[in-house]
Amino acid sequence: MALRTKLVAGNWKMNGLREDGAVLARALVQRMVAAAADVPGSELLVCPPATLLTTVGGLISGSGIALGGQDCHAAAKGAFTGDISAEMLADAGCTHVILGHSERRHGHGHGEGDTAVHEKILGAWRAGLTAILCVGETRAQREAGTAIDIVASQLAGSMPSSAASDTLVVAYEPVWAIGTGLTATLEDIAAMHAAIRTRLPAGTRILYGGSVNPQNAASILGLADVDGALVGGASLDAESFWTIARSCR
Ligand code: PEP
């Protein structure tokens, strides 16, 4: 990929019943139609909960908005109660899957480490999905001055050696900035993205995530090594998500 087209991805997390998902998807499609499927300079992706994939996938089909999952199991199938495979996501219409999100690395008993994330990425590729690999430091690690070392070690431990720019996207998401309303400074984002860039295959896109909103999007997305955004809370509102996407211009 010579030119790194910006990617704006919405992580809906565990939000929405079918009707909520349909309303949000229709509102985004309406905006895409009005813009003739042309959000200047960016690609759009939505990652709804698994129960909404079919509904949302049907509504956004042909609109130019892509569909993604929020996690997958490393195996293609088997006795893994409650899990979902990359093949199942692809079958539901997904082209992308978020992997190693901090809410899976650190939260609610999931405790996923780099090895598990590495295996999941291989699973995603086996099914033909692009993996969005999330990395990021905790507040304590940022304050200890080890943020870049931590992220470098997450990349080394979770990114398979066969990574390529058309099957991998990296999302830098400081854990302390997710869902808190806090964002890293532009200087810290620029320094981290530049450090990540040196560790990736040429042309790999690096997204920033952590309380991106319509007010701060343009300045973050304007940084040289920021190739898009992974958006949580603000992606649940069509106008906010659309404004962020249009900030890529
Ligand atoms: C996320 O969940 O990846 C995220 C960045 O969330 P928020 O935008 O709400 O901070």
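Here's what I pulled together on the structure shown here.

Thoughts on the packing of helix α1 (residues 18-34) against helix α2 (residues 53-60)
At a closest axis distance of 9 Å, the pairing of α1 and α2 adopts a crossing angle of 20°. On the basis of the axis angle, α1 is roughly parallel to α2. Here α1 and α2 pass one another in a crossing that is right-handed. When α1 is examined against α2, the residues Arg18, Gly21, Ala22, Ala25, Arg26 and Val29 are found in contact with a partner set consisting of Thr55, Val56, Leu59 and Ile60. Residue composition of the contact of α1 with α2, grouped by class: six nonpolar, two polar and two charged.

A few points about the site of the ligand
Not every one of the 14 residues close to the ligand is listed here, only the nearest: Lys13, Glu173, Gly179, Ser211 and Gly232. Taking Glu173, its side chain carries an N or O atom lying 2.7 Å from an oxygen atom of the ligand. A distance of 2.8 Å is found between an oxygen atom of the ligand and a backbone nitrogen or oxygen belonging to Gly232. In the complex, 95% of the free accessible area of the ligand, which totals 290 Å², lies under the protein chains. Within the shell around the ligand, the residues separate by chemical class into four nonpolar, eight polar and two charged.

Regarding helix α7 (residues 147-158)
Taking 1.5 Å per residue, 12 residues should reach 16 Å; α7 reaches 16 Å between its end C-alpha atoms and fits that length. Against α4 (102-105), α5 (114-126), β5 (130-135), α6 (139-143), β6 (168-172) and α8 (186-197) lie the buried residues of α7.

A short note on empty space enclosed by the protein
Applying the stated criterion across every chain, the model contains one cavity of 30 Å³ or more. Each pocket or cavity is described by its volume, and for the largest cavity that value is around 50 Å³. When contributions to the lining of the largest cavity are tallied by element, the ones reaching two or more residues are α4 and β5. For the lining of the largest cavity, a count of residues per class yields four nonpolar, six polar and two charged.

Rules used in this analysis
Residues numbered from 1 in each chain as written. Predicted model: local features only at pLDDT ≥ 70, side-chain atom pairs only at ≥ 80, totals over all residues. Heavy atoms only, no water. Axes fitted to C-alpha atoms, helices over the stretch in contact; angles between N-to-C directions. Helix = DSSP H or I, 4+ residues; strand = E, 2+ residues; numbered from the N terminus. Parallel < 35°, antiparallel > 145°, perpendicular 65-115°, else oblique. Left-handed = near helix turned anticlockwise from the far one by under 90°. Contact = heavy atoms within 4.5 Å. Nonpolar A, V, L, I, M, F, W, Y, C, P; charged D, E, K, R; others polar. Near = heavy atom within 4 Å. Polar contact = N/O pair within 3.5 Å; in protein donor to acceptor, adjacent residues only side chain to side chain. Areas by Shrake-Rupley, 256 points an atom, 1.4 Å probe, with all protein chains shown as cover. Expected span 1.5 Å × (residues − 1). 1 Å grid on protein atoms, 1.4 Å probe; cavity = no way out; pocket = protein on both sides within 12 Å on 5 of 7 lines; lining within 4 Å. Points joined across faces, edges and corners; volume = space filled by probe spheres on them.

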